[in-house]
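# Fold and contact review
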Amino acid sequence: MALGRGLALCLLVVMEMCAGGPPRRASCPYPPSQWCSSLQVALQCQVQKQCMELSATRQRRPPVAVALYYDSLCPGSRLFLTQQLFPTWTLLQDVMELTLVPYGNTQELQNATALFSCQHGEAECQSNMMEACILHLAGPASLQIIHCMEAAAHILQAARPCVELYAPALRWAAVEGCTAGGRGGQLMRTHAARTRALKPPHIPWVTFNGELREEVQDRALGSLFHLVCDLYKGGKPPACTGAPVRLDRSLC
């Protein structure tokens, strides 16, 4: 893909030069495959016009759909979410479509005193449901809030400060109402149905574009970042290609 972009860009540059446009600076230290990797690089190499034309004609591919099925208090789930999923999403969110399903090894109960039984106790049932409610209520800020909770020593105690930090417009009373009321139970039953559909069950489990494959799971647990870069079929973002970017280091 990088080679294809480079060839296309070279053609555009040659056409521009033939039309009397400015040639590329001789001091440009980047190969053609990286000329459009960032605005700074394009400006330094004087090809910003060509990069804009190339971007306009290049078809954008669908993002990689990543879904994580997890238990909120499972050590493996917390480690994967905080050390792989969140950093990868931070770098590649433009080419990722992320879904979180906090349910894991929870079991539905048929009695009036409790709706669910969780592998790591009642606290996990509460945090699973609270994270389900946050996903429902907080929109784009959900992942930041859940990462904040999962990275804390005490998930439930961290929930309110994390919500107030990343979604200040969301009233804490709405989260509490969802968790304590019927809406939280409905959300959990939806997550239960999705989790039961996994064959075989495994927590944490990651699917890509709706597919569940053991070899892809192993790669995801090893390096989710590199896997998402490989799976994305469009033009690779700079984070994937490792294109250097020169920062403005001027002082006040």
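The structure contained in this document is the topic of the report that follows. None of the values given here were measured: they were computed from a predicted structure.

What counts and what doesn't
Residues numbered from 1 in each chain as written. Predicted model: local features only at pLDDT ≥ 70, side-chain atom pairs only at ≥ 80, totals over all residues. Heavy atoms only, no water. Buried < 20%, exposed > 50% of the residue type's maximum accessible area, 1.4 Å probe, protein only. Helix = DSSP H or I, 4+ residues; strand = E, 2+ residues; numbered from the N terminus. Pairing = 2+ DSSP bridges. Axes fitted to C-alpha atoms, helices over the stretch in contact; angles between N-to-C directions. Contact = heavy atoms within 4.5 Å. Disulfide = S-S within 2.5 Å.

What follows concerns the pairing of strand 5 (residues 205-208). In strand 5, alternate side chains face the same way, and those of Trp205 and Thr207 on one face and Val206 and Phe208 on the other are all buried. Examined bridge by bridge, strand 1 (residues 64-70) and strand 5 share 4 bridges and lie antiparallel to one another. Among the inter-strand pairings, Leu68 is bridged to a residue of strand 5, identified as Val206.

This part covers the side chain of Ser77. Among the secondary structure elements, Ser77 is positioned in helix 4 (residues 75-92). A relative accessible area of 2% means that Ser77 is categorised as buried.

A word on the sheet that holds strand 2 (residues 96-102). With mixed pairing, the 3 strands of this open sheet are ordered in space as 2-1-5. Only two strands of the sheet have a single neighbouring strand rather than two, namely strand 2 and strand 5. Along the sheet, successive strands turn relative to each other by an average axial angle of 15°, direction set aside. Bridge count between strand 1 and strand 2: 7 bridges; the pairing is parallel. Its bridge partner being in strand 2, Val64 is matched across the sheet by Met96. Packing of helix 9 (residues 182-196) onto the sheet brings it into contact with strand 1 and strand 2, and relative to strand 2 it is tilted by some 105°.

Turning our eyes to something else, we now look at the state of the cysteines. All chains considered together, the criterion is met by 5 disulfides. The side chain of Cys28 participates in a disulfide bridge whose partner is Cys45; the two sulfur atoms lie 1.8 Å from each other. In this structure, the disulfide formed by Cys28 and Cys45 twists by about 55° around the S-S bond and is classed as right-handed. Of this pair, Cys28 sits in the loop between helix 1 (2-18) and helix 2 (39-44) while Cys45 is found in the loop between helix 2 and helix 3 (48-57), placing the two residues 17 residues apart along the sequence. Residue Cys28 is classed as buried on the basis of its relative accessible area, which comes to 9%. Each disulfide pairs two cysteine sulfurs, and for Cys148 the partner residue is Cys162, the sulfurs being separated by 2.0 Å.

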